Amino acid sequence: MVTMMPAAGHIPGSMHDPFYSSPFSPYFRRHTPYIGQPDYRIYELNKRLQQHTEESDNLWWDAFVTEFFEDDAMLTLTFCLEDTGPKRYTIGRTLIPRYFRSIFEGGVVDMYFQLKHPKESFHNTTITLDCDQATMVTHHGKPMFAKPQLPPDIDTVCTEGRLILEFTFDDLMRIRSWHFATRQSRELIPRSVIAVQDPAMLEQLSKNITRQGLTNFTLNYLRLCVILEPMQELMSRHKAYALSPRDCLKTTLFQKWQRMVAPPESQRPPSKRRKRKSSTGNNSTVGSGPGTSSKKSKNNSVSPGPQTFALSSQVATQFHPAGRRTV
């Protein structure tokens, strides 16, 4: 019995794969580029969030948002609190960097998003990613009262909900709209923490550290955004023209009043000119010839402004000896 040995450089099993191509052959197929794949952009976002440090300042967070969000991006969060009911917060591009920073300033040491069975839909200029089984995972660090033998992250919070993202259909694929609707959140504690025989410690750990997956630090910032979001125009005007807050408010209110009173030319409806119908009797009474009527119509077409009409061209009156006037 003769046993055939594979040739040098030959990978066993490759002859059974009709689509196999050796990396050393000129027909080696490269991987599909990630352009046009929104889920890979989420992978890059998670990777960039893991690169942050405690020394990351406002410039780092603004560069992070510039890389993944459009200049006119909007971020919306909807959730339901047990004491105040449903909440909805929408912030603009200027406030998005501070939102992500507030998450880590509230005690989070790591954060990433997991998408399960996302659905993509392509439009003319945008790509929409809709994931009904999205999870925001946050690892919370060791609090100040914790003992040294505890692990660095003693609490993992899994916030489940629906994530709808709208990307621009270009090479950058930045996010134009972010909407995360929270359904529920679960806080997980390692077994090593439960094994600690400290009643005070266990009582402290039994309390939730988040509300619907958000820390109190982030919730307070979202409440503050309700006031800050309408003031973005005042802040930008103050930064651009170095005006006092009172002058910025006066200028902004005056311009808004001007836009309400006098809308732009593009919004004004076209003026409709009413055409007068001249009867044959009036034409015969006035006694205007063919040349006069053509000259008058030519003048009307040239001059679009208001016109003055003679009394004789509008009404022809005849007086009878008995004093009765007929038109």
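Preceding this paragraph is the structure being described.
The rules behind each value
- Residues numbered from 1 in each chain as written.
- Predicted model: local features only at pLDDT ≥ 70, side-chain atom pairs only at ≥ 80, totals over all residues.
- Heavy atoms only, no water.
- Helix = DSSP H or I, 4+ residues; strand = E, 2+ residues; numbered from the N terminus.
- Expected span 1.5 Å × (residues − 1).
- Buried < 20%, exposed > 50% of the residue type's maximum accessible area, 1.4 Å probe, protein only.
- Contact = heavy atoms within 4.5 Å.
- Pairing = 2+ DSSP bridges.
- Salt bridge = Lys/Arg side-chain N within 4 Å of Asp/Glu carboxyl O.
- Phe/Tyr/Trp six-rings, centres within 6.5 Å; stacked < 30°, edge-to-face > 60°.
- 1 Å grid on protein atoms, 1.4 Å probe; cavity = no way out; pocket = protein on both sides within 12 Å on 5 of 7 lines; lining within 4 Å.
- Points joined across faces, edges and corners; volume = space filled by probe spheres on them.
- Axes fitted to C-alpha atoms, helices over the stretch in contact; angles between N-to-C directions.
- Parallel < 35°, antiparallel > 145°, perpendicular 65-115°, else oblique.
- Left-handed = near helix turned anticlockwise from the far one by under 90°.
- Nonpolar A, V, L, I, M, F, W, Y, C, P; charged D, E, K, R; others polar.

A. Highlighting helix α6 (residues 216–228). The end-to-end C-alpha separation of α6 is 18 Å, in line with the 18 Å expected for 13 residues at 1.5 Å each. Along α6, the residues that are buried comprise Thr218, Leu219, Tyr221, Leu222, Cys225 and Leu228. In this fold, the buried residues of α6 make contact with β1 (69–81), β2 (85–92), α3 (96–105) and α7 (232–241).

B. Structural context of the pairing of β2. Relative to β2, β1 is paired through eight bridges, and the arrangement is antiparallel. Its bridge partner being in β2, threonine 78 is matched across the sheet by arginine 88. Connecting β1 to the next strand, β2, in antiparallel fashion are three residues.

C. Broad picture of the pattern of salt bridges. Summed over all chains, the structure comprises eleven salt bridges. Among the salt bridges present, the one from aspartate 130 reaches arginine 162, with a minimum N-O distance of 2.5 Å. Here aspartate 130, found in strand β5 (residues 126–141), pairs with arginine 162, found in strand β6 (residues 153–168); they are 32 residues apart in sequence, far enough to count as distant. The class for aspartate 130 is partly exposed, based on a relative accessible area of 22%. A salt bridge links arginine 186 to glutamate 160, with the nearest nitrogen and oxygen atoms 2.9 Å apart. With arginine 186 in strand β7 (residues 175–188) and glutamate 160 in strand β6, this residue pair connects regions lying 26 residues apart in the sequence. Through salt bridges with shared partners, a single ionic network connects Glu82, Asp83 and Arg211.

D. Structural detail: the packing of aromatic side chains. All told, the structure shown has 15 aromatic pairs when counted by the stated rule. Both rings, one in tryptophan 60 and one in phenylalanine 64, keep their centres 6.1 Å apart while their planes meet at 5°; by these two values the pair is stacked. A residue pair is termed a helical-turn pair when its members lie 3 or 4 positions apart in one helix, as tryptophan 60 and phenylalanine 64 do in helix α2 (residues 58–68) at four residues. Residue tryptophan 60 is classed as partly exposed on the basis of its relative accessible area of 23%. Arranged with centres 5.2 Å apart and planes meeting at 75°, the rings of phenylalanine 113 and tryptophan 178 form a pair that is edge-to-face. Linking phenylalanine 113 in strand β3 (residues 108–116) with tryptophan 178 in strand β7, this pair joins segments that are 65 residues apart in sequence. Owing to a relative accessible area of 3%, tryptophan 178 belongs among the buried residues under this scheme. An aromatic cluster is defined as three or more aromatic residues linked by ring pairs; in this entry it consists of Trp60, Trp61, Phe64, Phe68, Phe69, Tyr99, Phe100, Phe104, Phe113 and Trp178.

E. Examining the layout of surface pockets more closely. In this structure, the second largest pocket encloses a volume near 460 Å³. Surrounding the second largest pocket, 15 residues form its lining, Asp62, Thr94, Leu95, Pro97 and Gln232 being those nearest its centre. Elements that contribute at least two residues to the lining of the second largest pocket include exactly α2, α3, α6 and α7. Looking at which element gives the most residues to the lining of the second largest pocket, the answer is α7, with four residues.

F. Representation of the packing of α7 against helix α8 (residues 245–261). With their axes 9 Å apart at the nearest point, α7 and α8 run at an angle of 120° to one another. Taken together, the axis directions place α7 and α8 in an arrangement best described as oblique. Taken as a pair, α7 and α8 cross one another with a handedness that is right-handed. Between α7 and α8, the residues in contact are Glu233, Leu234, Arg237 and His238 and Cys248, Leu249, Thr251, Thr252, Gln255, Lys256 and Arg259, respectively. Partitioned by chemical class, the residues of the contact of α7 with α8 number three nonpolar, four polar and four charged.

G. Fine view of the pairing of strand β4 (residues 119–122). Two strands pair when backbone bridges link them, and β4 and β5 are joined in this way by four bridges, in the antiparallel orientation. Counterpart to lysine 119 in the pairing with β5 is aspartate 130.

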